[in-house]
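# Summary of the model geometry
Chain residues, written in single-letter form:
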Amino acid sequence: MSEESESEEFEVIFVAREAVGHLRRLSRDFPHLATQPVRVAIDTWNEEMFQKGELVLVQKQRAKAEQDALEKRAIDLIEENLVDDVLDQLNRESTKEIDYYDLIDMVGKDRYIEALTREAVELKVNAVSSEQAAELWNNCGKPTVGGERWTATGVSVLMGKS
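On a predicted model such as this, the values are computed, not experimentally measured, just so you know. (Residues numbered from 1 in each chain as written. Predicted model: local features only at pLDDT ≥ 70, side-chain atom pairs only at ≥ 80, totals over all residues. Heavy atoms only, no water.)

## With respect to the overall build of the protein chain
The helix and strand inventory of the protein chain stands at eight helices and zero strands. Starting at the N terminus and ending at the C terminus, the protein chain contains elements arranged as α-α-α-α-α-α-α-α. On the principal axes, the C-alpha backbone points of the protein chain span a range of 85 × 25 × 25 Å. Of the accessible surface of the protein chain, which amounts to about 10,600 Å², a share of 54% is contributed by carbon and sulfur atoms. Of note, the protein chain has its 20 positive side-chain charges centred 4 Å away from the centre of its 33 negative side-chain charges. (Helix = DSSP H or I, 4+ residues; strand = E, 2+ residues; numbered from the N terminus. Areas by Shrake-Rupley, 256 points an atom, 1.4 Å probe, with all protein chains shown as cover. Lys, Arg positive; Asp, Glu negative; His and termini not counted. Charge placed at Lys NZ, Arg CZ, Asp CG, Glu CD.)

## Describing the nonpolar core
V83, L90, L103 and W137 are the most contacted members of the largest nonpolar core, which has 27 residues in total. Listed by contribution, the elements that provide at least two residues to this core are α3 (47–78), α4 (83–93), α5 (100–107), α6 (109–125), α7 (130–140) and α8 (152–159). Residue contributions to this core peak at six residues, all from α6. (Core = buried A, V, L, I, M, F, W, Y, C linked by side-chain atoms within 4.5 Å. Buried < 20%, exposed > 50% of the residue type's maximum accessible area, 1.4 Å probe, protein only.)

## As for α4
Residues V83, V86, L87 and L90 constitute the buried set of α4. Buried residues of α4 fall within an arc of 100° about the axis and therefore sit on the same side. (Arc of directions from axis to C-beta.)

## Remarks on the pattern of salt bridges
Applying the stated criterion to the full structure yields seven salt bridges. Notably, a salt bridge pairs R111 with E79, separated by 3.0 Å at the nearest N-O pair. A residue pair is termed long-range when its members are at least 10 positions apart, and R111 in helix α6 and E79 in the loop between α3 and α4 qualify at 32 residues. Overall, the relative accessible area of 31% leaves R111 in the partly exposed class. A salt bridge links K142 to E119; the nearest nitrogen and oxygen atoms lie 2.9 Å apart. Residue K142 is located in the loop between α7 and α8, and its partner E119 is located in helix α6; the two are separated by 23 residues in the primary sequence. Neither residue differs from the other here; K142 and E119 are each classed as buried. Several salt bridges converge on common partners, so that one network encompasses D84, E119 and K142. (Salt bridge = Lys/Arg side-chain N within 4 Å of Asp/Glu carboxyl O.)

## With respect to unusual backbone geometry
Despite not being glycine, A127 has its phi angle at roughly 65°, a positive value. Among the structural elements, A127 can be located in the loop between α6 and α7.

## A closer look at the environment of R28
Here R28 is to be found in helix α1 (residues 3–29). What makes R28 exposed here is its relative accessible area of 57%. Each C-alpha atom of the pair R28 and G53 lies 26 Å from the other, and the pair is 25 residues apart in sequence.

## Topic: a nonpolar patch on the surface
Judged by side-chain polarity, L23, L26, F30, L33 and V38 come together as a nonpolar surface patch covering roughly 450 Å² of accessible area. Locating L33 in the fold gives a position in the loop between α1 and α2 (36–44). (Patch = residues over 30% accessible without salt bridge, like charges linked within 9 Å, V, L, I, M, F, W, Y side chains within 5 Å.)

## Some remarks on the environment of E79
Exposure remark for E79: the relative accessible area of 37% places this residue in the partly exposed category. Considered as a pair, E79 and G160 are 81 residues apart in the sequence and their alpha carbons are 19 Å apart. Sequence-distant contacts of E79, that is, excluding residues within four places in its chain, are made with R111 and R118. (Contact = heavy atoms within 4.5 Å.)

## Regarding α8
Those residues of α8 that fall on the buried side of the exposure criterion are V155, L158 and M159. For α8, the angular spread of the buried residues around the axis is 100°, confining them to a single face. On its buried side, α8 packs onto α6 and α7.

Spelled out as structure tokens, the structure:
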């Protein structure tokens, strides 16, 4: 949610509060002009209802700020760490469970591929074959960058990017 739309939502609450105040005065001063449904609506709209609306907006702002901070943290972590290490760290710090797909949404496909490339190169250095790496990644449920499952060919492409 952009700052502009948040501001507009708060403005709507303030405008609605003002409108209800005007309607109350008009229905009090000119009772014969207000219909029964309008009088009931005016009577039921109270300050508590406006405060609930403001509370919802504040909660939405807080959730957005938390999500933005989590995304920034994920991007910072993925720059220097392996994918699984980033997931572990984020899940220790977050109240909601984050999976591979959430991580990809937060950091973007390019950063995810870069982290996979670093991991593939590290596996190669440790004498893990591309076949073994593909099996390992498939068993962990690590999403591919194109196909349904990791293949030795896909992993070797990443291993060769070093």
